[in-house]
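Notes for the structure review
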Amino acid sequence: MAHFRAHVPSRPRPRLVGAALTAAALCGLTACEASDSSLYAGPGEESSTASPTFSPEKGPGTSPSPSALPPSARHALTALKTAREAVPHSTPYHLVRDHEGTPEWEIKLSTASGSEWAVAVVDDGSTVTDKHEDTRPDDATGRLSDFAVSLPQAVRKTAHRLTGQELTEVATEKNTEGTDLWEVSTATGTSAEAEEVHTLIDTETGKVVREKREG
C-alpha cells in the first residue's frame with residue numbers, strides 16, 4: 001500500500017577519411033549530446049551502443065548496459081520513466097520502494113508549473129497504479145532546477161558502487177553547511193536485519209560526500 005496516497009485515484013577506405021574528419025568536427029561544434037531518456041533505460045529500452053552518462057569525477061564517460069545494474073535499480077529507473085510519462089514536464093525528487101503487500105515504487109514529482117504529484121508504479125516499473133496531486137508541498141522542489149545531478153543519475157552512480165545492494169529509497173537532504181544532497185538508501189535484502197547503506201551525493205558535483213552503514 002502506498003504511504004502517501006491521499007485518495008484513490010571496417011576500417012575506412014582512404015577516400016572516406018576527409019568525410020569522417022568533417023563529421024567529427026561538426027559534432028564537436030554542435031556539442032553532440034545523448035538524450036536524457038538514456039538515464040531511465042530499463043529492460044527492453046537498451047540502446048545498441050553505449051550512451052554518454054554523467055560522471056562528475058571523471059567527466060562524461062561510457063555507461064554500462066542497464067542490464068549490468070542490480071534488478072532493483074533497473075526497475076527503479078523504469079518506474080521513474082513511467083512516472084514522468086504519467087506527469088508531463090515533471091522532475092522526480094523522491095523515490096521509495098514499498099514492500100507492504102504487493103511491492104511497488106512510490107514516486108513524487110514536481111512539475112514546471114509548480115504542482116506536485118504522487119505516483120505509484122508496479123515493482124517492475126511498467127505500469128502506474130495510482131496518481132494524484134500532492135497538496136503537501138516539499139521544500140526541496142523549489143531548488144530542483146539548481147541540481148546538476150538528477151535523481152536517476154544518483155541511482156545509477158550508487159548502483160555502480162554497491163552492486164550487491166537493493167535500492168530502497170532516494171530523497172533530498174542537506175548537510176550542516178546547507179549543501180543539497182541526494183541520499184540514496186540501499187540494503188542487502190528486505191528483512192529487518194538487513195544492513196542498510198545511505199550514500200550521500202552532492203547534487204552539484206556528483207561526488208559521494210559520505211557513506212553511512214547501519215545494521
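Notes on the structure follow.

Calculation rules
- Residues numbered from 1 in each chain as written.
- Predicted model: local features only at pLDDT ≥ 70, side-chain atom pairs only at ≥ 80, totals over all residues.
- Heavy atoms only, no water.
- Buried < 20%, exposed > 50% of the residue type's maximum accessible area, 1.4 Å probe, protein only.
- Helix = DSSP H or I, 4+ residues; strand = E, 2+ residues; numbered from the N terminus.
- Pairing = 2+ DSSP bridges.
- 1 Å grid on protein atoms, 1.4 Å probe; cavity = no way out; pocket = protein on both sides within 12 Å on 5 of 7 lines; lining within 4 Å.
- Points joined across faces, edges and corners; volume = space filled by probe spheres on them.
- Nonpolar A, V, L, I, M, F, W, Y, C, P; charged D, E, K, R; others polar.
- Salt bridge = Lys/Arg side-chain N within 4 Å of Asp/Glu carboxyl O.

In this section: the pairing of strand 8 (residues 180–187). For strand 8, the buried fraction is high: eight of the eight residues fall into the buried class. In strand 8, alternate side chains face the same way, and those of D180, W182, V184 and T186 on one face and L181, E183, S185 and A187 on the other are all buried. Strand direction decides the pairing type here: strand 7 (residues 166–174) and strand 8, joined by eight bridges, are antiparallel. Residue E166 lies in a different strand from strand 8, and its bridge partner there is A187. Here strand 7 hands over to strand 8 after five residues, with G178 in that stretch at a positive phi of 85°. As judged from the seven bridges shared by strand 8 and strand 9 (residues 196–202), these two strands associate in the antiparallel manner. Note on strand 9: the bridge partner recorded for V184 is T199.

A volume near 60 Å³ is recorded for the largest cavity. Around the largest cavity, the lining residues are P70, S72, A73, V155, T158, A159, L162, Q165, L167, V184 and T186. Listed by contribution, the elements that provide at least two residues to the lining of the largest cavity are helix 2 (71–86), helix 3 (151–161) and strand 8. Here the element with the most residues in the lining of the largest cavity is helix 3; it accounts for three residues. In terms of residue class, the lining of the largest cavity is built from seven nonpolar, four polar and no charged.

The next point concerns the pattern of salt bridges. Taken as a whole and assessed by the stated rule, the structure comprises nine salt bridges. For D123, the salt bridge goes to R97, with nearest N and O atoms at 2.7 Å. Placement of D123 in the loop between strand 5 (116–122) and strand 6 (128–133) and of R97 in strand 3 (residues 90–98) is noted, with a sequence separation of 26 residues between them. Via salt bridges that share partners, R161, E195, E211 and R213 belong to a single interconnected network.

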